[in-house]
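Structural features, examined
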Amino acid sequence: MITLHTLTTEYQVNPIGLETLAPRLSWKIKTDKKNVFQSAYRIICAGSKGNLLNESSLVWDSGLVNSDQSVHVEYNGNELKSGQRIWWQVKIATNNGEESEWSEPAFWEMGLLNKTDWKAKWIEPNLLENKEISNPCPLLREEFDIQKEVTKATIYVTCHGLYQLQLNGKKVGDQEFTPGWTSYHKRLQYQTFDITDQIQTGKNAIGAILGDGWYRGFMGWQGKKNLYGEKSALLCQIRLTFSDGSEQVIVSDKNWKASTGAILASEIYHGEIYDAGLEKMGWDKPNYNSSDWFKVSEKEHGVENLVASAGAPVKVTKELKAIEKIITPEGETVLDFGQNMVGRIRFNLKGKAGEKITIYHAEVLDKEGNFYIANLRPAKQKLEYTFKSNETESYAPHFTFMGFRYIKIEGYGGEFKLEDFTAEIIHSDMEFTGDFECSDPLVNRLQQNIQWGLRGNFLDVPTDCPQRDERLGWTGDAQVFAPTACFNVNAAPFFSKWMKDLEADQREDGSVPWVAPNIIEDGGGTGWSDGFGATGWADAAIIIPWTVYQSFGDKRILENQYRSMKVWEEYMIKEAGETYLFNTGFHFGDWLSFAEYSSYIYNAPDYGFAGAHTEKDLLATAYFFYSTKLMHQIALVLGRTEDAEKYKTLLPQIKEAFKNEFITPNGRLLSNTQAAFAVSLAFGVLPEEYVTSTAKQLAENVEYFQHLTTGFLGTPVLCHALSESGRSDLAYKLLFNKKYPSWLYAVTMGATTIWERWDGIKPDGTFQDVGMNSFNHYAYGAIGNWLYQKVAGIQSSAANPGYKEIIIKPEISDKLTFAKATLNSLYGTIESGWKLENNTLKLKVIIPPNTTAKIYIPQKDNSYQLEEVGSGTYEFESKIK
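A quick note: this is a predicted structure, and the numbers were derived from the prediction, not measured.

1. Observations concerning the overall build of the protein chain
- In terms of helices and strands, the protein chain carries 15 helices and 43 strands.
- At 28 Å, the protein chain has a C-alpha radius of gyration in line with the 29 Å of a compact globule built from 881 residues.
- Dimensions along the principal axes, computed over C-alpha positions, put the protein chain at roughly 85 × 75 × 60 Å.
- Out of the 881 residues in the protein chain, the part that is buried amounts to 63%.

Written out as structure tokens, the structure is:
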């Protein structure tokens, strides 16, 4: 029997508030038979669930379409309208003559498609504030009366700052940090919520708490505030549909009232100050006396920059309890949650009226076991809570998040239990789709650290770190980690949203900012640059859309980002000029690469080695070549033949320039570093006659040092370059290395996330430079891509992306007895797992329906046997010795 399941629209199950006029529909196929392919499909859409049974009421009937496409099928029916809900079903036929039943119905709902649909007014609270400091969070409220039966109620809302929406005493939805962080003046998201179940007959009360957030809070490492504006504001409207077919719209306007309450300050970096004695009980319920509240002012902020929320919503996704209470050598009370994370603390404590508890957050303890916060820089990461009574009170902060494993408690005189404190994990709620495990427990911990680093830094934007006064959308970090992210989570909506903000903050000449949304146009006071155009960072504009396309078969992100990609490419072409070398402007290069310190401290041999410095011009030109190569491929995919030919013509010219500038007559690269060798090999910028010799030089370099020496740009491609050169043995050697610098060094030092530096904690227990030493930085977690692609062997065919055609090609090491990866692709679960027993390899592979696979089974002498299969479960054995 064949069934259809997991119907999604724009990657989501039953989404509301969509903006795209041609939503893409996908479904998965379940069957117990092998080699099953979809041969045809039929989709029907209607304005109500019941009308799916009435062909004359359909808004779209695709008819029987002879196609194997089950992912990203575009809706092609009647024109969609604001607020319209569309129900849909699909049925298919297969290659073996089977037909499925109709799937269970699914739906999507449109947002406000026309700017004229907005009837609400922007309102600002008339509160006296000091723009230089954090102010109490405004409360806004209004009441409305309903006397008819409501069949549907939808609310559309956004703000300047952050908001928490309340309706009749309960929070609306389960999202956090709405409306998210975008390039606000150009793109401000609004959210859509179905509130039908919260509306009541008679009086209703709508309320909002506003926080400073990214909009007007302290942001960046310069202590700046009010980056987008000085006042918080709200825009909100409710659309009510009654049983008689009539409608009513409730809007934010001058009739609302404003006040402040218990939240005296709430800042992303600094935490929250909350005085429970100032709570206004019942303020978000009907019949509250607001006679002493302040008026609001209507403002003409406009709606032209409003866009429907498109990325994965930020939510509380997980909870952890403390595992240990510690009294430090300095006598401080500390709780250990066992895992470095990002989120907030919720507590249930019995205090005394007027008593204040202060909670600090830290990632690590120092070598003596004391609470360590020097690496936070000016960020306070602190909560102050004042009790209102002598009874048990529950609290969690509202508009702040912390990067922490440990909390320090001060000022609380009562007794508490570990279970009185809960850590709530907060991040963009992307489906975790992949996992990897093997026989080495340290590598398994590394995989967990990669996933925890992703959780901690994918909070609406891909941040560099979640704890200090930074937390910015660094383009370089995201670019190198994107392939690993796309294995672990469904990152397509997340990156699609963020790419639009990168584009919004691009300069007219195409130059890309270091961070997106961009708040450091002056180079952040570093004196390095103006904050634009660094290769490896700026190339995120091209590499990330291509990565999403390869991982999810998402052609639309290439179409949507093509202008952004092209103007960055043209910027590089202009900068390189007739030399075809990108040797102008500022570049970070192989950021934070290995540099030898004292051999006494690191217990390392004396290499006579000053550091693995790679010429920045070499890396910049290599990235110029690689992005141009991708642009050629992207232009072909999109049918832009003129562009494709132009970029194809450029490639040999850049390659020749690279050879003349960076390769000696004897075939050595100008920079004798692993990064130079690996990037040159991985990007294909080397003339063919130098590939073998460069691969040999890379291998010799790794064998000489016995460890990696790469930084942010070299590390993601290092093991891939070794594998593609036939030296996966050396790639494994680097993976298994437990000494500094290595991935497992941090694991042996107790890391539960990925560090910013290879030696964030040195072997003697001391710390790296406090000015830049994050213990939750995902960039070096890019090794995860190699674990999935090479150790487990799961790859997507470049010709048929999104795992429509799957390649299984594991690289075996006798240092492991087994390795296994799973990936829940858009077609279903892919699995590749191998075991070694008595020199016999046992390989188990699962291929989902409606896909094909090329399975390369390892044999003796590093050769492979190829099997081409359709869907199903397969097991193979081979003697490898």
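2. Re the confidence of the model for the protein chain
- In the predicted model, the protein chain carries a mean pLDDT of 96, and 98% of its residues have values of at least 70.
- Scored below 50 in pLDDT, residues 597-602 shows eleven contacts in the model against residues more than four places distant or in partner chains.

3. Side note on the nonpolar core
- In terms of nonpolar packing, the biggest core is built from 223 residues, with Trp-214, Phe-337, Phe-421, Phe-436, Phe-495 and Ile-634 touching the most fellow members.
- Considering every element that reaches this core, the biggest residue donor is helix H8 (residues 616-637), with twelve residues.
- Leaving out residues up to four positions away in the same chain, Phe-337 has contacts with Leu-320, Lys-321, Ala-322, Ile-323, Ile-345, Phe-404, Arg-405, Ile-407, Phe-421, Thr-422 and Ala-423.
- Among the nonpolar cores identified, the runner-up in size contains 28 residues, and Leu-140, Val-172, Ala-208 and Ile-250 belong to it.

4. A closer look at the packing of aromatic side chains
- This structure, assessed with the given rule, holds 65 aromatic pairs.
- With a centroid separation of 5.8 Å and 80 degrees between ring planes, the pair formed by Trp-474 and Phe-588 is classed as edge-to-face. Remark: Phe-588 occurs in the loop between helix H6 (555-576) and helix H7 (599-602) and Trp-474 occurs in the loop between strand E35 (461-462) and helix H3 (475-488); sequence separation between them is 114 residues. No difference in accessibility class separates Trp-474 from Phe-588, as the two residues are buried.
- Counting every residue linked through ring pairs, the aromatic cluster contains Tyr-274, Phe-347, Tyr-385, Phe-387, Tyr-395, Tyr-412, Phe-416 and Phe-421.
- Just above the ring of Trp-452 sits the side chain of Arg-455; from NZ or CZ to the centre is 4.5 Å.

5. Observations concerning the sheet that holds strand E8 (residues 106-110)
- Reading across the sheet, the five strands line up as E2-E8-E7-E4-E5 and stay open at both edges, with mixed pairing between neighbours. Both outer strands of the open sheet, strand E2 (16-18) and strand E5 (58-61), are each paired with one neighbouring strand and no more. Pairwise comparison of adjacent strand axes, ignoring direction, gives a mean angle of 30 degrees for this sheet.
- Both strand E4 (residues 38-46) and E5 contribute to a ladder of three bridges, which runs antiparallel. Residue pairing across strands places Ala-46 opposite Leu-58, the latter belonging to E5.

6. Re the side chain of Thr-547
- Here Thr-547 lies in helix H5 (residues 540-552).
- Given a relative accessible area of 9%, Thr-547 falls into the buried group.
- Polar side-chain contacts of Thr-547 include one of 2.8 Å to the backbone oxygen of Ile-543.
- Not counting the four nearest positions on each side in its chain, Thr-547 is found in contact with Ala-482, Pro-483 and Cys-486.

7. Quick look at the sheet that holds strand E42 (residues 864-869)
- Reading across from one edge, E36-E37-E41-E42 is the order of the four strands in this open sheet, with mixed pairing throughout. Each edge of the open sheet is held by one strand with a lone partner, namely strand E36 (794-796) and E42. For this sheet the average axis-to-axis angle between neighbouring strands, irrespective of direction, equals 20 degrees.

8. Let's talk about the packing of helix H10 (residues 674-683) against helix H11 (residues 691-705)
- Interaxial distance between H10 and H11 falls to 9 Å at its minimum, and their mutual angle equals 145 degrees. In this structure, the crossing between H10 and H11 has a hand that is left-handed. Facing H10, whose interface residues are Gln-674, Phe-677, Ala-678 and Leu-681, H11 presents Val-691, Thr-694, Ala-695, Gln-697, Leu-698, Asn-701, Val-702 and Phe-705.
- Here the contact of H10 with H11 is built from residues that sort into eight nonpolar, four polar and no charged.

9. Comments concerning the pairing of strand E26 (residues 356-362)
- Counting buried positions along E26 yields six of seven residues, so the element is predominantly enclosed.
- Summarising the sheet, E26 and strand E29 (residues 382-386) pair through five bridges and their orientation is antiparallel. Its bridge partner being in E29, Lys-356 is matched across the sheet by Thr-386.

10. A few points about unusual backbone geometry
- Note the cis peptide between Thr-178 and Pro-179, where omega equals 10 degrees.
- Turning to its location among the elements, Pro-179 is positioned in the loop between strand E13 (170-171) and strand E14 (188-194).
- Residue Pro-741 is bonded to the preceding Tyr-740 through a cis peptide linkage, with omega at -5 degrees.
- The topology assignment puts Pro-741 in the loop between helix H13 (728-736) and helix H14 (743-748).
- Within the chain, Tyr-580 stands out as a residue other than glycine whose phi angle is a positive 60 degrees.
- Summarising the element assignment, Tyr-580 is placed in the loop between H6 and H7.

11. A closer look at the state of the cysteines
- With the rule as written, the count across this model stands at zero disulfides.
- Looking at the unpaired Cys-159, the closest cysteine sulfur is the one in Cys-236, lying at 11 Å.
- Taking relative accessible area as the criterion, Cys-159 reaches 0% and is therefore assigned buried.

12. Looking at the pattern of salt bridges
- Tallied over the full model, the rule gives 52 salt bridges.
- Between Arg-344 and Glu-424 there is a salt bridge, and its shortest N-O distance comes to 2.7 Å. Of the two residues, Arg-344 sits in strand E25 (residues 333-350) while Glu-424 sits in strand E32 (residues 421-428), which places them 80 residues apart along the sequence. Like Glu-424, Arg-344 is buried.
- Ionic pairing is found between Arg-377 and Glu-470, a salt bridge with its closest N-O pair at 2.9 Å. Here Arg-377 is found in the loop between strand E28 (371-372) and E29, whereas its partner Glu-470 is found in the loop between E35 and H3, with 93 residues between them in sequence.
- Accessibility expressed as a relative area gives 25% for Arg-377, which makes it partly exposed.
- Among the charged side chains, a network of salt bridges with common partners joins Arg-377, Asp-464, Arg-468, Asp-469, Glu-470 and Glu-756.

Definitions and limits used
- Residues numbered from 1 in each chain as written.
- Predicted model: local features only at pLDDT ≥ 70, side-chain atom pairs only at ≥ 80, totals over all residues.
- Heavy atoms only, no water.
- Helix = DSSP H or I, 4+ residues; strand = E, 2+ residues; numbered from the N terminus.
- Rg over C-alpha atoms; globule rule 2.2 N^0.38 Å.
- Buried < 20%, exposed > 50% of the residue type's maximum accessible area, 1.4 Å probe, protein only.
- pLDDT = per-residue confidence, 0-100.
- Contact = heavy atoms within 4.5 Å.
- Core = buried A, V, L, I, M, F, W, Y, C linked by side-chain atoms within 4.5 Å.
- Phe/Tyr/Trp six-rings, centres within 6.5 Å; stacked < 30°, edge-to-face > 60°.
- Lys NZ or Arg CZ within 6 Å of the ring centre and 35° of its normal.
- Pairing = 2+ DSSP bridges.
- Axes fitted to C-alpha atoms, helices over the stretch in contact; angles between N-to-C directions.
- Polar contact = N/O pair within 3.5 Å; in protein donor to acceptor, adjacent residues only side chain to side chain.
- Left-handed = near helix turned anticlockwise from the far one by under 90°.
- Nonpolar A, V, L, I, M, F, W, Y, C, P; charged D, E, K, R; others polar.
- Disulfide = S-S within 2.5 Å.
- Salt bridge = Lys/Arg side-chain N within 4 Å of Asp/Glu carboxyl O.

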